[in-house]
Every structure is written in structure tokens, then in C-alpha cells.
Amino acid sequence: MSAPAASAAASSPDSPVAPARAAWRELAGRLVREKPLGAAGAIVFALFLLCGLLAGALAPYGINETHLAHRLEPPSLTFLLGTDQLGRDVFSRVLHGARLSMIVALLAAGFSTVISVVLGLLSGYFGGWVDQLTQRFVDAWMVFPGLVLLIGAISIVGPGLGQIVVILSLLYGIAGSRVVRGAALGVQGQTYTLAARSLGARPLYVLWRHVLPNVMPVVLVLFTTRLGAVILAEAGLSFLGLGVPPPAPTWGGMLSGDGRTYMYVGPWLAIAPGLSLTAVVFAVNVFGDALRDLLDPKMRGIR
Amino acid sequence: MSGTARSGARPGPLLELKDLRVHFPLGEGLLLRRTRGVLRAVDGISLRLERGETYGLVGESGCGKSTTALAILRLLEPTAGRIVFDGEEITGWSQRRLRPLRRRMQMIYQDPYGSLNPRMKARDLIGEPLVIHGLGGDRRRRRDRVDELMQRVGLLPEMADRYPHEFSGGQRQRIGIARALALEPDLLVCDEPVSALDVSIQAQVVNLLADLQRELGLTILFIAHDLSVVRHLCRRIGVMYLGRIVEEADRDTLFGDPRHPYTRALLDAVPVPDPVVEAARAPRTLRGEVPSPARPPAGCPFHPRCPIAEPRCSEVGPRLEAYPRRDAAPAERWVACHLADAEPAPSL
């Protein structure tokens, strides 16, 4: 028994400890230092999130409040982004559109990630026939083009916020399970999952305590990339008239309806929602890319 | 700890393997799995671990040592043979039924980096076995127990809030040992516990294991490819080649008078600390590679590399038999070689 032996090998007994919170702070620090573009993306997305959250308070006018004397007015101090053909304030509508986009994005990206995690972990950890069954199902699912599946499903269940969230979650969740499965396979090959089993741990315990925490970086990246994809998909559906039905303002709807009709007399009608959409999707994608770069190289970010 | 008290509760060996085999099918295709061959990782191993004994299992990489360890703990399913732990045959037991038994058989892994979850603190890692088995009482008492275990293996309790990557390889291995000890096991299977460590750290960890073995009355199956480590620690030693035990004897007999040509080659490969002697020495190094366990050679598995092989060696495989071959019961050494009586070929 040799306590001195151990302390000799130790770096120093009072070196700082690393709680989980510090790991997150470190990740945020590295994001700012190493990937400033990604950090900017995160800030832009956070701003849109805030806009969506506070749309009710920030919007100067109601979404259906018409100012018949001010129809199709270009941007001014009274109407920051101009008005549409009914005299509605475009800025207020874009803000509320942001709220809808954010709701769909967070819910659908969240649910789809949960679906991916559950399917991927079960498939990757248990392997064997469980894996075969789920993966062949995923194969079959991915054979259908996403947009066709979306349009088909919506035309069956009808448009609406809930329907869109459910269908987008399924669409992206099932496909994304591949990514989680791959990561879970990697973790499952590590000795520490074997060690946990040899201690007598039940499979669900091993999954929850050992596999899940170690695939979290992958899950985090999956979630952020899904955010962008889902926002775009919702806008696409709204553009085709299959999204949340009017009079609720959606970016996609604003683009296809008033935006296209009055493109030459009031280009701001299309520019405002179009630019918002581009900005938020670009921001979240840049952020997701940065996260992936930070977390991927042997996950040294949040160990 | 009650490890000492529990050992010796029943007569007979703590662990017995009877003709244990682990074969892996080499298949092709996913749905229509056609077996193209069989990899005989472990091909008929029998051994006994008496209570409180340290048994050394040595052999080259790929000879099936680790597979044997995993099969004993039923982390791999044995293809055939029997595993008898403390008088009970556990070979056919379900994982559910094995769970309470896992408290009594613990494993220490070769890789001190991969065997600890990088996202858990030392405290949680060492306390995990207690949590899994619902032992150790409330959080406070578990904390005390973890502190005690850390001291036991030579770690400072102040380090408990660190993550594995903040420890050195030797310290990580100590964490692994503390984890294994938390459940007060009877049997400790050490799968090359020091192979991944620096030589200077190896001695510390080996000494720690020796101390623990003595104080807690542990029974240890110590797997290694380094004969000097095994010599220091083990009373009985089994030499494995291509999934089989080719020679088994107590330490002094094996090192003093090896009878199997493979054992001799292994012993020759150990460098002598004295540089003058080492330079003058002409070790009989083995020719060739270890054959694939998927296509083991006919007859004696060692004959293609054996310096003293005769024609019959490639025809009939020798069985592990008592040596010297006499009827007097409990034999002290076992050799699987037709030419066990032959004198070693002179050094070249």
C-alpha cells in the first residue's frame, strides 16, 4: 500500500476541478474564440428566438390591424417594413411569423431529435434483430422523397400547426436515427460499457448512464442542423398553402401570397420575410457547423 | 471487508473451467448468414482456481486470454464447456440470474483509458457498483465508502471530483481497481492490468494488487503477456497458445524447468537485466507467426514453429497430461507435448 506513490504520479492535489458547468462555459468560450462566425450565428438565432417570444410585445400593430389609408406603403418610421395591400404592418407580421417559425422549429427539431435518439440508441446498443428491424424500416422510410411525403401526409391530415410538427418530427426523426445509431455503436464498442455490464448493470441503465451522455455531442449537432431544416420545410409548406392556414402570418405564406402578387409595386412585401428566413436558416446552419467542428475531433470539447 | 470471511465458506475451488470453448462463427451476409468457418478463440481450456490463489495466464496476443476472461464473467457466451463458480455451474444462467453473482466476480481491464466513462467523476465511477446493486446506503455513506476505497488503492479522496482525463494511466487503473473492490468480490479477473502502463508505474500497480490479494483474501486470475510480472505475483501459471493451455505448473517449476518448447521460447524472450549477460546470451527466438485460430494447424498447434517438432507432431495433437507421467494422483504440472521429456535444444 503506497499513498506516496499515488501522490507522486498526481499532477497536483489542488488543481482545479472541472464540473459540468465549466465544460459548457469552455465550449462557449471556444465557440467565440475559434468559430466567431458560428458564435454570430448563435446570436442571430437567439435574436430571432427573442423576437418570436416577444412578438406580442414588440409588434407595434396587430397582425390583422388594417390601415386603409396606408396601403402598400414603403418602409417608413411609422411602418418600419412598410405595409401590404390591406394596409397591414409588415414588421408586425414578420415578427409574428418569426414566432410561428420558432415554435415549429423548436418543437419539430426537439421531437425529431428525441425520436432519433430513442431509435438510434435502441438500434445501436442492442444490435442483432432489433437493429435489423429498425434499420430496414428506416431504409424504407428514407426511400420516399421528403417533400412528397410531407405534401402527401398534409393533404391527408389537413394543414395545421400540430400536424406540421408531428409530420416534420417523424420525417426528420426517423432519418436522423442513423446518425445517433452510428455514434451509439461507437460508444458501445468502448470498454466502459462492457465494464458496466460486468458490474451487473441493466441494459437501460447502461444506455442512460453511459451511452447517452457520450452521444450527446452528436445529438446536439443533430438538433441544431434540424432547426434550420425544419424552419425551411415549414416555410416551404406554407408557400404551397399547406402550412398553418391564414390569417396566421407565416413567412412562407407571406412570400407566396402578397409577396408574389405585389412583387413589382411593393418588393418589401417579399424582401422582409424572405430575408428573415434566409438569415435565420443561415445563422442556425453556421452555428451547427461550428458546433460540429468543435465537438467532432474526439469530442474534446465537453469532456 | 468481508472478502476474507466469505472465502473458504465452502470447500473446493472458487472457479473451475472444464473444457471451455469459445468459437466465433465467421459468417457472411446479413440475413442469410452462411458460416464460412469458425474462429476457435478458446479451444478447450480447463483450469482450477483455489480460494485465495493468484493464477497467472500467459501467452501471446491473440491466444485467447482475454476471450477466456470475458467468457468466465459471461460477457461472452461460451460455445461449450462448463464454468463452475463456488460450486455452482453458471454456464447456462441467464443474465438476470447472474446479476447478483456479479458482485462476487469483478474484472480489471487492460485499457485504463477506455474502461472509464469519460463523463463521470472518479467519485461516481467508484460508487457506481454500489448504486447498481443498491448498496452503500444513502449518499453520505456512499461518499464515505468511496473515500475509503480511494485511500485503499492509494488515491487521495480530494481527487474524487475529477474526471478520468485528469488522472494519469496508473491512477486510472487504481480507479478501476477501486471500482472492482467496491463490491467486495471473491474473484478478481485482471486482464493485462498493467500492460498499458509505463514500466515504473507497473510495479506500483502490481504491488497494490499483491497487497490487496493478501489482505482481502482475493482469488485472482491474472492475465498477462509479461512473464516477469506474472512471476512476481502468481503461484500457479498456465501458458496459453492458440486457445489452449500447453503447460501449467507452479511458478518455480515453470521458470526452473519448462517442459513445453513454447514455454521455453517465452522464457528465452525475457531480457536479462544485466547488459553483459544479455549481450552474450543467444535467445532461441521463435520463427514465424502465430497461426490463425480460424485455421489451426493439424496435430499439435505449435508444431509449425516448434524447434524440436517430429513428424508425429503434425499428425496427432498432444493432450494436456500430467508430467512426469506417473500414476501418482494430484499432479503438480501438466504439459501438452509429445516431447515433454526431451531435453531442451542447446542455445544457438
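Each residue is numbered by its place in its chain's sequence as written, counting from 1. Throughout, the order in which chains and ligands are written sets their labels, letters from A for the former and numbers from 1 for the latter. Per-residue local features are limited, in this predicted model, to residues with pLDDT of at least 70; the limit for side-chain atom pairs, both in listing and counting, is 80 or more; totals at the level of whole chains, interfaces and linings are taken over all residues.

A. Region of interest: the overall build of chain B. Check the secondary structure of chain B and you find 11 helices and 12 strands. With 348 residues in all, chain B has 44% of them scored as buried. For the purpose of contact definition, each residue receives a C-beta atom placed from its backbone, and two residues are in contact when these atoms lie within 7 Å. In chain B, once contacts between residues fewer than 6 apart in sequence are set aside, the share between residues at least 24 apart is 66%. Comment: elements are numbered from the N terminus, with helices defined as DSSP H or I runs of at least four residues and strands as E runs of at least two. Residues with at least 20 other C-beta atoms within 10 Å of their own are called buried, those with 12 or fewer are called exposed, and the rest are partly exposed. The C-beta atoms themselves are positioned from the backbone.

B. Spatial organisation of the sheet that holds strand E11 (residues 321-322) of chain B. Residue and element names in this part refer to chain B. By the convention used here, strands pair only if DSSP detects at least 2 bridges between them. Read across the sheet, 8 strands follow the order E6-E7-E8-E3-E9-E10-E12-E11 without closing on themselves; strand pairing throughout is mixed. A single partner strand is all that each edge strand has here, and the edge strands are strand E6 (105-108) and E11. Pairing analysis gives 4 bridges linking strand E3 (residues 54-58) to strand E9 (residues 236-241), with the strands arranged parallel. Within E9, the residue paired with Val58 across the bridge is Val239.

C. Molecular detail of the confidence of the model for chain A. Residues and elements named next belong to chain A. Note on scores: pLDDT gives the predictor's confidence for each residue, bounded by 0 and 100. Residues at a pLDDT of 70 or more form 90% of chain A, whose mean pLDDT is 82. Here helix H1 (residues 3-9) stands out as the least confident element of chain A, with mean pLDDT 39; helix H9 (residues 191-199) is the most confident, with 91. Low pLDDT, under 50, characterises residues 1-18; the predicted model gives this stretch 27 contacts beyond four residues in sequence or across chains. In this model residues 298-303 is a low-confidence stretch, pLDDT under 50, and it forms 15 contacts with partners more than four residues away in sequence or in other chains.

D. Molecular detail of the interface of chain B and chain A. Each partner contributes to the interface: chain B provides 35 residues, whereas chain A provides 26 residues. Those elements giving two or more residues to the side of chain B that touches chain A turn out to be helix H3 (95-102), helix H4 (122-132), helix H6 (169-181) and helix H7 (199-216) of chain B. Looking at the side of chain B that touches chain A element by element, the count peaks at 4 residues for H7(B). Nonpolar residues are Ala, Val, Leu, Ile, Met, Phe, Trp, Tyr, Cys and Pro. Charged residues are Asp, Glu, Lys and Arg, and all others, Gly as well, are polar. Looking at the side of chain B that touches chain A residue by residue, the class counts come to 13 nonpolar, 11 polar and 11 charged.

E. Molecular detail of helix H3 (residues 36-53) of chain A. An ideal rise of 1.5 Å per residue puts 26 Å on 18 residues; H3(A) measures up with 25 Å between its terminal C-alpha atoms. Listed in full, the buried residues belonging to H3(A) are A:Gly38, A:Gly41, A:Ala42, A:Phe45, A:Phe48, A:Cys51 and A:Gly52. Expected span of a helix, by definition, is 1.5 Å for each gap between consecutive residues, and there is one gap fewer than residues.

F. Local environment of helix H2 (residues 65-72) of chain B. All names here are of chain B. Within H2, 8 of the 8 residues are buried, leaving the element largely enclosed by the surrounding structure. By the burial criterion, the buried members of H2 are Lys65, Ser66, Thr67, Thr68, Ala69, Leu70, Ala71 and Ile72. In the segment just after H2, Arg74 is the residue with positive phi, at about 55 degrees.

G. The arrangement of the pairing of E6(B) in detail. Residue and element names in this part refer to chain B. Burial along E6 is two-sided: Met105 and Met107 and Gln106 and Ile108, pointing in opposite directions, are all buried. Two strands pair when backbone bridges link them, and E6 and strand E7 (residues 187-191) are joined in this way by 4 bridges, in the parallel orientation. By the bridge assignment, Met105 is partnered in E7 with Leu187.

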